[in-house]
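The residues making up each chain are set out below.
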Amino acid sequence: MTQKDQKPKILVAREIFPDLLAQLEQVADVQSNQDDLIWSAEDLKAAMADKDAAIVTGGERIDADIIAASPNLKIVSNIAVGYNNFDMPAFKARQVMATNTPDVLTETTADFGFTLLMATARRLTESEHWLRAGQWKKFSICDTPLAMDIHHSTLGIMGMGRIGQAIARRALGFGMKVRYYNRSRLSPELEKECGATYVDRETLLKESDHIILVMPYTPENHHLFGEKELNMMKPTATVVNIARGGIVDELALAKALKEKKIFAAGIDVFEGEPTVRPELLALDNIVLAPHIASATEKTRRAMIELAIKNCLTGLAGKTPPNLLS
Ligand code: DGY
């Protein structure tokens, strides 16, 4: 057996920073999609077929079919905290390990949640388009895009995990009243630290000035935020989604924005991304971002490093730091 044969075979399904790839190549026989080509499920299946491990992103769906076609597969390491791209029962059935990258992206993602919230409420992109279109003819008190306040308003956070809590801490600095809804209630200590009050979903929807969605995507919360929920919101309220596209019924959202049933929306994640519905693109009262909540160089680097660590730890026969149950 050659030295190369003894190294584990790892697929890196998307481009990663070259220095991190070079480090991985010292200990593994790596096939990497450094050209960041868009692979079909069949391409991915073929690339994974002879691998011991794969490092993937939320864009790669790892299902029973792919797992069945990869007889040597021991671990799949996601470069993401969300793992709705993993068919977890299929992993369990074949005893393939699955890992994600929590914690390292919490603060960066919370920063972006707040950025999008502020841009949405203050009509930032719409104002910029207005300026670029030459509509800024004079200083005007009223004839300018007028917005909604953030400070001292009520923020409703749906999904109070690590990122939701980090957003709540930021909101306190703006004097906001923070309400949250979550599957399970936080401890009284954590509620106090986050300055957050637990409310039911209906109260959150009806009483919030701004709502931010941060919960994980599961089949149960598919289109959890639809016409009924939008109708409960104040006409002056905004909604921001940094969770997963499938949580929001995008056609219902587009209709509510068009009919001014709510004030505005900020969306970083889409159901069919990277395709964005024309109904959303046609609107002014929406801020759109290309799934960038964790996208700072430092954080993306930390996510890749953690994904590699999870992968190599699992391949070494130990429990990876972020093993998913
Ligand atoms: C995550 O980590 O889940 C982000 O959405 C990036 O995919």
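Residues numbered from 1 in each chain as written. Predicted model: local features only at pLDDT ≥ 70, side-chain atom pairs only at ≥ 80, totals over all residues. Heavy atoms only, no water.

**Student:** Explain the site of the ligand to me, please; I cannot follow it from the model alone.
**Tutor:** In the region of the ligand, the neighbouring residues are Ala80, Val81, Gly82, Leu105, Arg244, His291 and Met303. In the model, an oxygen atom of the ligand is placed 2.7 Å from a nitrogen or oxygen of the Arg244 side chain. Notes on the ligand: free accessible area 230 Å², of which the protein chains cover 84%. Grouping the constituent residues of the shell around the ligand by class yields four nonpolar, two polar and one charged. (Near = heavy atom within 4 Å. Polar contact = N/O pair within 3.5 Å; in protein donor to acceptor, adjacent residues only side chain to side chain. Areas by Shrake-Rupley, 256 points an atom, 1.4 Å probe, with all protein chains shown as cover. Nonpolar A, V, L, I, M, F, W, Y, C, P; charged D, E, K, R; others polar.)

**Student:** What should I look at first to understand the packing of aromatic side chains in this one?
**Tutor:** Note on aromatic pairs: each is described by the distance of the centres and the angle between the planes. Enumeration according to the criterion identifies four aromatic pairs in this entry. Centroid distance Tyr180 to Tyr198: 5.3 Å. Interplanar angle 70 degrees. Geometry classified as edge-to-face. Remark: Tyr198 occurs in strand β8 (residues 196-198) and Tyr180 occurs in strand β7 (residues 177-181); sequence separation between them is 18 residues. Looking at Tyr180, the relative accessible area reads 0%, which means it is buried. Residue Tyr198 is classed as partly exposed on the basis of its relative accessible area of 26%. By way of ring pairs, the aromatic residues Tyr180, Tyr181 and Tyr198 are connected into one cluster. Over the ring of Phe17 we find Arg301; its NZ or CZ atom is 4.8 Å from the centre of that ring. (Phe/Tyr/Trp six-rings, centres within 6.5 Å; stacked < 30°, edge-to-face > 60°. Helix = DSSP H or I, 4+ residues; strand = E, 2+ residues; numbered from the N terminus. Buried < 20%, exposed > 50% of the residue type's maximum accessible area, 1.4 Å probe, protein only. Lys NZ or Arg CZ within 6 Å of the ring centre and 35° of its normal.)

**Student:** Could you clarify how one ought to interpret unusual backbone geometry in this entry?
**Tutor:** If a residue is not glycine, its phi is most likely negative; likewise, a peptide bond is most likely trans. A cis amide bond links Glu273 to the next residue, Pro274, at an omega of 15 degrees. With respect to the helices and strands, the residue Pro274 is situated in the loop between β11 (264-267) and α13 (278-281). In this model, Asp103 sits at a positive phi of 65 degrees, which is unusual for a non-glycine residue. Tracing the chain through its elements places Asp103 in the loop between β5 (97-99) and α6 (106-121).

**Student:** Sorry, what's going on with the domain arrangement of the chain here?
**Tutor:** Reports often express the size of an interface as the amount of accessible area lost when the parts come together. Taken domain by domain, the chain consists of domain 1 (3-104 + 297-315) and domain 2 (106-288). Taken over C-alpha atoms, the centre of domain 1 sits 32 Å from the centre of domain 2. In this complex, domain 1 contributes six residues to the contact, which on the side of domain 2 involves five residues. Note on domain 1 versus domain 2: buried area summed over both sides is about 560 Å², and carbon and sulfur give 41% of it. Three residues, Asn84, Asp103 and Thr299, lead the burial of domain 1 against domain 2; their summed loss comes to 66% of the area buried on that side. Our enumeration of links across domain 1 and domain 2 arrives at one salt bridge. Run the count over domain 1 and domain 2 and you get four residue pairs in polar contact (both at pLDDT 80 or more). Considering only residue class, the side of domain 1 that touches domain 2 consists of two nonpolar, three polar and one charged. (Domains from an automatic or database assignment. Contact = heavy atoms within 4.5 Å. Buried area = accessible area lost by both parts, 1.4 Å probe. Salt bridge = Lys/Arg side-chain N within 4 Å of Asp/Glu carboxyl O.)

**Student:** Explain the environment of Tyr181 to me, please; I cannot follow it from the model alone.
**Tutor:** In this fold, Tyr181 is placed in strand β7. Taking the C-alpha atoms as reference points, Tyr181 and Val199, separated by 18 residues in sequence, lie 5.8 Å from one another. If we skip the residues at most four places from it in the chain, Tyr181 touches Ile157, Met158, Gly159, Met160, Tyr198, Val199, Asp200, Arg201 and Leu204.

**Student:** What is the right way to read the sheet that holds β7 from this model?
**Tutor:** Paired through their backbone hydrogen bonds, the strands of a sheet run either parallel or antiparallel. The strand order across the open sheet formed by seven strands is β8-β7-β6-β9-β10-β11-β12, and the pairing between neighbours is parallel. Every interior strand has two partners, whereas the edge strands, β8 and β12 (286-288), have only one. The sheet shows a mean angle of 20 degrees between the axes of neighbouring strands, taken without regard to direction. Here strand β10 (residues 238-241) pairs with β11 via four bridges, running parallel. Across the sheet, the residue bridging to Thr238 is Ala264, located in β11. (Pairing = 2+ DSSP bridges. Axes fitted to C-alpha atoms, helices over the stretch in contact; angles between N-to-C directions.)

**Student:** How should I be thinking about the pattern of salt bridges in this particular structure?
**Tutor:** Oppositely charged side chains can form a pair if their charged atoms are brought close together. What the rule picks out here adds up to 24 salt bridges. One salt-bridge network, held together by shared partners, links Arg14, Asp36 and Glu60.

**Student:** What should I look at first to understand the sheet that holds strand β2 (residues 29-32) in this one?
**Tutor:** On the basis of which strands lie adjacent, the open sheet formed by five strands has the order β2-β1-β3-β4-β5 and parallel pairing. Every interior strand has two partners, whereas the edge strands, β2 and β5, have only one. Ignoring which end each strand starts from, the neighbouring axes of this sheet average 15 degrees apart. Note: strand β3 (residues 53-56) against strand β4 (residues 75-78), four bridges, orientation parallel. Bridged to Ala53 within β4 is Ile75. In the packing of helix α2 (residues 18-27) onto the sheet, contacts are made with β1 (9-12), β2 and β3, and the angle to β2 comes to roughly 145 degrees. Docked against the sheet, helix α3 (residues 41-48) engages β1, β2, β3 and β4, running at close to 155 degrees with respect to β1.

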